[in-house]
Amino acid sequence: IWYDSETGGNQLDPSEPLTDATSYYAALTDASTGCESATRLEVAVEINDPGTPTTEETTQQFCASDMPTVANLSTNENNVIWYDMDNGGNQLDPSEPLTDATSYYAVLIDAATGCESATRLEIAVDINDPGTPTTGETTQEFCASDMPTVADLSTNETDVVWYDSATNGNQLDPSDPLEDATSYYAALVEDGCESSVRLEIVVEINDPGTPTTDETTQQFCASDMPTVADLSTNEANVVWYDSATEGNQLDPSEPLADATSYYAALVENGCESSVRLEITVDINDPGTPTTEETTQQFCASDMPTVADLSTNESNVIWYDSETGG
């Protein structure tokens, strides 16, 4: 039996808590006589308590998209283990996922003795998830000729970033070109956190194809005053440009110029060909006939006709007007 003094003193109940830096005294008892030892055994008690861990933040915030675990909880000390209760409870594995609005309890471990803190540190966890972005169109259509990029993808929210995968993957630059029949994944960004569940957008890129023609060099007569409308392709719905890419769209009434290239784009469902057809124009002008006499005299008695008019060239035809006629 135990006493709080070497002689006399109080007999201690076995459930009595021990006190650090205190001596306790044991007396042996004879079971048959009930006699106790005349001299008691002194036992000095040292109670080790590593102390409660400390932290700069008793409420710790995490992003749901980072999939935080117990290992991400922070204290000023290294040798800590975590529990799910402030007393007793279950020791948690470092890989255990954290739960929003939940408290976790840290104890410090004394490496020399293996003792744990008598009083645990409570950490409250706040996990932020901005939510999945929304859109009116989960399939979004673009024209190849517009050279669409990630920046052209549309959501109802503005602060989004885009990935090439539903989880993890690579964050995409807004200038990255979009690809046909490809999915892109949007995460909303709020307070430095991203959505844990991303929005999937499927991209369709329309390209009507390049127009075709039987003549990539097309010839015209200058006297016919040819215009863009006279250029010929096998397809009807075309628009014309002065450049293979970008450039100016030409009005059908625009006069053609000799030795000049024109570029046709096919138009379907509001989209134009991404690659245009090049047509080279050759405009023929035989030149003005010449004569030694711009005033020519005839005798009425000869009954002169147009055939009697004279030029230095033979292959001429005659009109009654300087233009048109």
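Fair warning: this is a prediction, and the values are worked out from it, not measured in the lab. (Residues numbered from 1 in each chain as written. Predicted model: local features only at pLDDT ≥ 70, side-chain atom pairs only at ≥ 80, totals over all residues. Heavy atoms only, no water.)

**Q** Help me understand a negative patch on the surface in this model?
**A** A surface patch of negative charge is lined by E137, E141, D180 and E204. With respect to the helices and strands, E137 occurs in the loop between strand 8 (121–128) and strand 9 (139–143). (Patch = residues over 30% accessible without salt bridge, like charges linked within 9 Å, V, L, I, M, F, W, Y side chains within 5 Å. Areas by Shrake-Rupley, 256 points an atom, 1.4 Å probe, with all protein chains shown as cover. Salt bridge = Lys/Arg side-chain N within 4 Å of Asp/Glu carboxyl O. Lys, Arg positive; Asp, Glu negative; His and termini not counted. Charge placed at Lys NZ, Arg CZ, Asp CG, Glu CD. Helix = DSSP H or I, 4+ residues; strand = E, 2+ residues; numbered from the N terminus.)

**Q** Which parts of the structure should I look at to understand the side chain of R120?
**A** If you trace the backbone, R120 turns up in the loop between strand 7 (102–108) and strand 8. Nearest to the buried, unbridged R120 among oppositely charged side chains is E116, at 4.8 Å. A distance of 2.7 Å separates a polar side-chain atom of R120 from the backbone oxygen of G88. Those residues in contact with R120 that sit more than four places away from it in its chain are T52, Y83, M85, D86, N87, G88, Y105, A106 and V107. (Buried < 20%, exposed > 50% of the residue type's maximum accessible area, 1.4 Å probe, protein only. Polar contact = N/O pair within 3.5 Å; in protein donor to acceptor, adjacent residues only side chain to side chain. Contact = heavy atoms within 4.5 Å.)

**Q** It is not clear to me how the sheet that holds strand 2 (residues 22–26) should be interpreted in this structure. Could you clarify?
**A** Two modes of strand pairing occur in sheets, parallel and antiparallel, and in both the strands are linked by backbone hydrogen bonds. Spatial ordering of the open sheet is given by 1-2-3, a layout of three strands whose pairing is antiparallel. A single partner strand is all that each edge strand has here, and the edge strands are strand 1 (2–3) and strand 3 (41–45). Note that strand 2 and strand 3 share five bridges and pair antiparallel. From the neighbouring strand, Y25 faces strand 3, where its bridge partner is E42. (Pairing = 2+ DSSP bridges.)

**Q** Before we go on, may I ask you to explain the environment of G169 in this structure?
**A** Within the fold, G169 resides in the loop between strand 10 (160–163) and strand 11 (182–190). Accessibility expressed as a relative area gives 45% for G169, which makes it partly exposed. Sequence separation between G169 and T155 is 14 residues, and the spatial gap between their C-alpha atoms is 20 Å. Among all residues touching G169, those that are not within four sequence positions of it are Y163 and D164.

**Q** Please clarify how the state of the cysteines should be interpreted in this entry.
**A** Applying the stated criterion across every chain yields a total of two disulfides. The disulfide partner of C143 is C271, and the gap between their sulfur atoms is 2.0 Å. Its torsion about the S-S bond being -80°, the disulfide of C143 and C271 is classed as left-handed. Within this pair, whereas C143 is found in strand 9, its partner C271 is found in strand 17 (residues 271–272), the two being separated by 128 residues in sequence. For C143, a relative accessible area of 12% puts it in the buried group. Looking at C271, the relative accessible area reads 3%, which means it is buried. Once the disulfide-bonded cysteines of the chain are ranked by sequence position, their pairing pattern turns out to be 1-3, 2-4. (Disulfide = S-S within 2.5 Å.)

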